[in-house]
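For reference, the chains in residue letters:
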Amino acid sequence: MFDMVNAFAAMATVTIALTLSSLARRTAALLGATGSLTGNFLLWLAAPSLWECSPVLPWVAAVVGTVLLIAGWSAVRAYWNLFNPPRADDTDTGTVMMVGAAGHRLG
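In this report, the structure presented in the accompanying data block is examined. (Residues numbered from 1 in each chain as written. Predicted model: local features only at pLDDT ≥ 70, side-chain atom pairs only at ≥ 80, totals over all residues. Heavy atoms only, no water.)

Our next topic: helix H1 (residues 2-20). Taking 1.5 Å per residue as the helical rise, H1 with its 19 residues ought to reach 27 Å, and the 27 Å between its terminal C-alpha atoms agrees with that figure. Along H1, the residues that are buried comprise Asn6, Ala7, Ala10, Met11, Val14, Thr15 and Thr19. Considering only its buried residues, H1 is in contact with helix H2 (25-46), helix H3 (48-53) and helix H4 (57-79). (Helix = DSSP H or I, 4+ residues; strand = E, 2+ residues; numbered from the N terminus. Expected span 1.5 Å × (residues − 1). Buried < 20%, exposed > 50% of the residue type's maximum accessible area, 1.4 Å probe, protein only. Contact = heavy atoms within 4.5 Å.)

Next comes the structure, spelled out in structure tokens:
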């Protein structure tokens, strides 16, 4: 029973610390809770006896899971629109004027 309380305390502490130190509090709460839960679950799945015996490993798993999730979130946000063409209202092609051979405005 102590193992579960310790893991929940680690997840809550990491989530609260990330939320209080962030400007986007809802996103930080979501990333903190999801990352710490995923980190603890994967550690428990990979080594259940080690996770149960060590009081420190759930804390490490919560921090590592949150950091990896934040890194993935940042990478996705950075490269989300990298290969999309620009929208029509983002271009400045409407300000280009073309001058014909006789000096008349064409556009």
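The rest of the description comes next.
The next subject is the packing of H1 against H4. Running from N to C, H1 and H4 point in directions that differ by 40°, and their axes come no closer than 8 Å. Here H1 is positioned oblique relative to H4, judged by the angle of their axes. Judged by the twist between their axes, the crossing of H1 over H4 is right-handed. Along the contact surface, H1 presents Asn6, Ala7, Ala9, Ala10, Met11, Thr13, Val14 and Leu18, while H4 presents Pro58, Trp59, Ala62, Val63, Thr66 and Ile70. Considered class by class, the residues forming the contact of H1 with H4 number eleven nonpolar, three polar and no charged. (Axes fitted to C-alpha atoms, helices over the stretch in contact; angles between N-to-C directions. Parallel < 35°, antiparallel > 145°, perpendicular 65-115°, else oblique. Left-handed = near helix turned anticlockwise from the far one by under 90°. Nonpolar A, V, L, I, M, F, W, Y, C, P; charged D, E, K, R; others polar.)

Evaluation of the coordinates by the stated rule reveals one aromatic pair. For the pair Phe41 and Trp44, a centre-to-centre distance of 6.0 Å together with 35° between the ring planes defines the contact as tilted. In this pair, Phe41 and Trp44 both sit in helix H2, three residues apart, roughly one turn of the helix. According to the relative accessible area criterion, Phe41 is partly exposed, its value standing at 43%. Looking at Trp44, the relative accessible area reads 37%, which means it is partly exposed. (Phe/Tyr/Trp six-rings, centres within 6.5 Å; stacked < 30°, edge-to-face > 60°.)

Attention now moves to the layout of surface pockets. Looking at the largest pocket, its volume works out to about 160 Å³. Lining the largest pocket are Met4, Ala7, Phe8, Met11, Leu37, Asn40, Phe41, Trp44 and Trp51. Looking at the lining of the largest pocket, the elements with two or more residues in it are H1 and H2. Looking at the lining of the largest pocket residue by residue, the classes come out as eight nonpolar, one polar and no charged. (1 Å grid on protein atoms, 1.4 Å probe; cavity = no way out; pocket = protein on both sides within 12 Å on 5 of 7 lines; lining within 4 Å. Points joined across faces, edges and corners; volume = space filled by probe spheres on them.)

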